[in-house]
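# Chain and residue survey
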Amino acid sequence: MSELASILRDALRREPRGPLCVAYSGGPDSTALLHALAQLPEARDLGLRALHVDHGLHADSHAWATHCRELAQEWQVPCLVLRVEVNHASGYGLEAAARDARYRAFALSLHDGERIVLGHHRDDQAETVLLKLLRGAGPEGLGGMRVARPLGRGTLWRPLLDVPRETLRRYVDAQGLPCIADPSNADHRLTRNFLRHEILPRLSEHWPQAVESIVHSARHSREAAEALSQQWRAARHDLLDGASGSLDAAGWLALSPALRHPLLDDWLHARGLPAPTTAQRQQIERQCVARDGQLPCIRWPGAELHVWKGRLWALPPQPAIDPQWRADWSGAPLALPDGGSLQLEPTGQLAEPLSVRLRQGGEHLRPAGSPHTRELRDLMQQSGMPPWRRLACPLLYADGELVGVGDRWLTERGVQLFGKHRPLWHPAF
């Protein structure tokens, strides 16, 4: 048995049983991983399969997908090919945007209890730790990639983090395995490639044990991060409002930075949002003490964070909304410009079609049962409607008269128009 197959067999014995899905790019590392696992009966008995993500970023990407599907078939391993759209305008940079698209595909494709197996090795770990160091990360980031973490309905598993890249390359050569040569891996303008081809070799010239030392330090950082996590997870339980998903701003700010920073990152990641940079984190801390009446919003690529009513609220970036948007509505589900929706409960059709518009400012209405006409702005503020929802709140008009606001308020005429029905508004955020 080869050295790589032996390492993987031992790793499988240490892990709980469950189906395996190899993230198969066609490069040398994932090729070695998939082929070695395919030689192990215990891996096949777990329902071994492969997943190839086609990012569509290269003219040969379709040919690469075909290569992976056919080679996996030759090894009698089912291979699913997924085409993803990479958001070039995300603000992350192409590397990070492609990674986000890839991991979303992984998460959506995993079956219950399945492990997505990645070929990341010791040299990848050293590169990751250096990147985190250059970005000013704390113990969590400097701990590098985790061996395992939850993903989708299953688990992301990296069984080769202690294995040198050379071990995988020797396996590829010994088995004569065909691999894809992605030209982007030789582009030194990309951050990780620059570290891999320029920086780490120079470090190793002066410090031959550089990679081992970096990975060793990562283990220490991981241990420190795990110890700290017991404290900040307990604090998160006290600070998090389960209904709204918001965090108590003052309580969060009162924590030491060693607890405050990983708690914020974990809270954001749980919402599918990226963590802020050091500068953005400092801005959040400054805005936590904003005066009443101020509505601070801190934005970075992929997220925006609001400080409102003494709490932190995290959202995906809000789309630009045309205040002149309007639509006719007879009761069928209606898509709103922020991604939300309006529908009739119970389902049916209104006797009289309504016009749906957005706020222009200065609107008034008298809610049914109230003796006074109220300014809509005041109603929204006093009801606790978050500011980011107000611009996209659907206003319901009949013959030019405001008769309803989302599913919050109806006038007497609005009550008559809806009869046994009622509007149901689902905000996007």
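The model shown is predicted, which means the values in this text are computed figures rather than measured ones.

### Some points on helix α10 (residues 210-239)
Over its 30 residues, α10 runs 41 Å from end to end, which matches the ideal 44 Å to within 8%, given 1.5 Å per residue. The largest bend in α10 comes to about 30 degrees, at Ser229.

### A few points about the side chain of Ser221
Within the secondary structure, Ser221 is located in helix α10. Looking at Ser221, the relative accessible area reads 16%, which means it is buried. Those residues within four positions of Ser221 in sequence are excluded, and the remaining contacts are Pro139, Leu142 and Gly143.

### A look at the layout of surface pockets
In this structure, the second largest pocket spans a volume of roughly 370 Å³. Residue lining of the second largest pocket: 19 residues in total, with Arg299, Gln318, Pro387, Trp388 and Leu391 positioned closest to the centre. Of all the secondary-structure elements, those providing two or more residues to the lining of the second largest pocket are β8 (297-300), β9 (303-308) and α15 (387-390). Looking at the lining of the second largest pocket residue by residue, the class counts come to 11 nonpolar, 2 polar and 6 charged. Both domain 2 (244-315) and domain 3 (326-426) contribute no fewer than three residues apiece to the lining of the second largest pocket.

### Looking at the UniProt feature "binding site: ATP" (unreviewed entry) in the protein
Under the local residue numbering, the UniProt record ascribes the feature "binding site: ATP" (unreviewed entry) to Ser25, Gly26, Gly27, Pro28, Asp29 and Ser30. One can find Ser25 in the loop between β1 (20-23) and α2 (28-38). What makes Ser25 partly exposed here is its relative accessible area of 44%. Not counting residues up to four positions away in its chain, the partners in contact with Ser25 are Ser30, His52, Cys68 and Ile180. One polar contact links the side chain of Ser25 to the main-chain amide nitrogen of Gly27, over a distance of 3.1 Å. Tracing the backbone through its elements, the reader meets Gly26 in the loop between β1 and α2.

### Thoughts on the sheet that holds β8
If you trace the 4 strands from one edge of the open sheet to the other, you get β7-β10-β9-β8, paired in antiparallel fashion. Every other strand in the sheet has two partners, leaving β7 (247-248) and β8 as the edge strands with one partner each. For β9 and strand β10 (residues 311-315), the ladder comprises 5 bridges, and the chain directions are antiparallel. Paired with His306 across the bridge in β10 is Trp313. Taken strand by strand, helix α12 (residues 257-270) contacts β7, β8, β9 and β10, and its axis lies near 45 degrees from that of β10.

Here is what the cut-offs are and how they apply
Residues numbered from 1 in each chain as written. Predicted model: local features only at pLDDT ≥ 70, side-chain atom pairs only at ≥ 80, totals over all residues. Heavy atoms only, no water. Helix = DSSP H or I, 4+ residues; strand = E, 2+ residues; numbered from the N terminus. Expected span 1.5 Å × (residues − 1). Bend = angle between axes of the 7 residues up to and from the residue. Buried < 20%, exposed > 50% of the residue type's maximum accessible area, 1.4 Å probe, protein only. Contact = heavy atoms within 4.5 Å. 1 Å grid on protein atoms, 1.4 Å probe; cavity = no way out; pocket = protein on both sides within 12 Å on 5 of 7 lines; lining within 4 Å. Points joined across faces, edges and corners; volume = space filled by probe spheres on them. Nonpolar A, V, L, I, M, F, W, Y, C, P; charged D, E, K, R; others polar. Domains from an automatic or database assignment. UniProt positions renumbered as here; feature names shortened; annotations may be inferred. Polar contact = N/O pair within 3.5 Å; in protein donor to acceptor, adjacent residues only side chain to side chain. Pairing = 2+ DSSP bridges. Axes fitted to C-alpha atoms, helices over the stretch in contact; angles between N-to-C directions.

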